[in-house]
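Overview (structure and organization)
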Amino acid sequence: AGQLACSETSNANTMASVAMSLKGWVFVVNPASASGATGKKWPKMLQKFKDTASAKSWSDIEEVSVVMTTRPSEATELTRTALMEGAAVVVAVGGDGSLAEVVEGFFEPASHNKVSETGMLAYVPNGTGGDFRKSLEWSNNYEEAINNLLKGTTRQVDVGHVLMGHGTLNEVGRHFINISSCGSSALIAQIANSSPNIFGSTITFYQASLRGLLQYQPRTLCIKVDDGEWQEFKDVNCLAVCNGKYFGSGMLVAPKASLSDGLLDVTIWAGFGMLDFVLLSPLIFSGEHIKHEKTTS
């Protein structure tokens, strides 16, 4: 698979218009991702991109634009502005959080309407967890990502849309390309994001998971899937609606999920305590947890 992915739909004209030309390409770079490593490596990454593009006979190399984020959510604003100004391809450079912000920028504020019918999304992963790239079977090597990116090929991927507080004055909408979840996962992500990443992302998220499960109080949720009946689930620790397969730095929460089948997979963990997490960790990271009685999928 190439590194180009459309926000929702693609067409032959769009793909042909960007083939072998870098005109209209905008890199949205989060220099703080990977604990600041992205910012330090970016000049080298950009030079590698230009050298590779030249070797592959791409044109308009100096037409490439670069914008750097300085605060949370700025990538969304920068992406939206770039697309409104006619960007052909927006390249997210950073981790899963950076990618999520860029994806949100493909849509109008508080809307599911696309900013551009032709703009496309590309990704150079260089973050901490790297969960989205795992679903695409990409490595975290930026040189490999650049080579894939300059193949000039595309693939269509799905984008999910979640509404929170639907029908109220506080209604908020968000788009997601990987996984949207609620429950202990939100608390765990908050803990992980505020923790030092000294021993690597997997250990950081594992420790955050233990702390989060100790603090989180399971809830009763009423869930309806498609046109089915409402179902009540007690003691829910986590509900994950999945376009991709992984979250939590490698947890294979939805092993059957596909980025481009037009469907979202749902995984529910109920009755999971800290001891369960410790004992079942091998199953969670291998995907075998879906066979366990405390998992509904």
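Report on the accompanying structure. (Residues numbered from 1 in each chain as written. Predicted model: local features only at pLDDT ≥ 70, side-chain atom pairs only at ≥ 80, totals over all residues. Heavy atoms only, no water.)

1. Topic: the packing of helix α2 (residues 37-55) against helix α6 (residues 142-149)
The description of two packed helices rests on the angle between their axes and on the distance between the axes. At a minimum axis separation of 10 Å, α2 and α6 run at an interaxial angle of 35°. In the crossing of α2 with α6, the sense of the turn from one axis to the other is right-handed. On the side of α2, the interface is formed by K41, K44, M45, K48, F49 and T52, while α6 contributes Y142, E143, I146, N147 and L149. Among the residues making up the contact of α2 with α6, the classes are represented as five nonpolar, two polar and four charged. (Axes fitted to C-alpha atoms, helices over the stretch in contact; angles between N-to-C directions. Helix = DSSP H or I, 4+ residues; strand = E, 2+ residues; numbered from the N terminus. Left-handed = near helix turned anticlockwise from the far one by under 90°. Contact = heavy atoms within 4.5 Å. Nonpolar A, V, L, I, M, F, W, Y, C, P; charged D, E, K, R; others polar.)

2. Concerning the pattern of salt bridges
All chains considered together, the criterion is met by six salt bridges. We note a salt bridge from E62 to K50, for which the minimum N-O separation is 3.4 Å. Highlighted residues: E62 in the loop between α2 and β3 (65-68) and K50 in helix α2, separated in sequence by twelve residues. For E62, a relative accessible area of 63% puts it in the exposed group. Two residues, E117 and K114, come together in a salt bridge whose shortest N-O distance is 3.6 Å. Exposure remark for E117: the relative accessible area of 54% places this residue in the exposed category. We classify K114 as buried; its relative accessible area is 16%. (Salt bridge = Lys/Arg side-chain N within 4 Å of Asp/Glu carboxyl O. Buried < 20%, exposed > 50% of the residue type's maximum accessible area, 1.4 Å probe, protein only.)

That is the geometry; function is a separate question.
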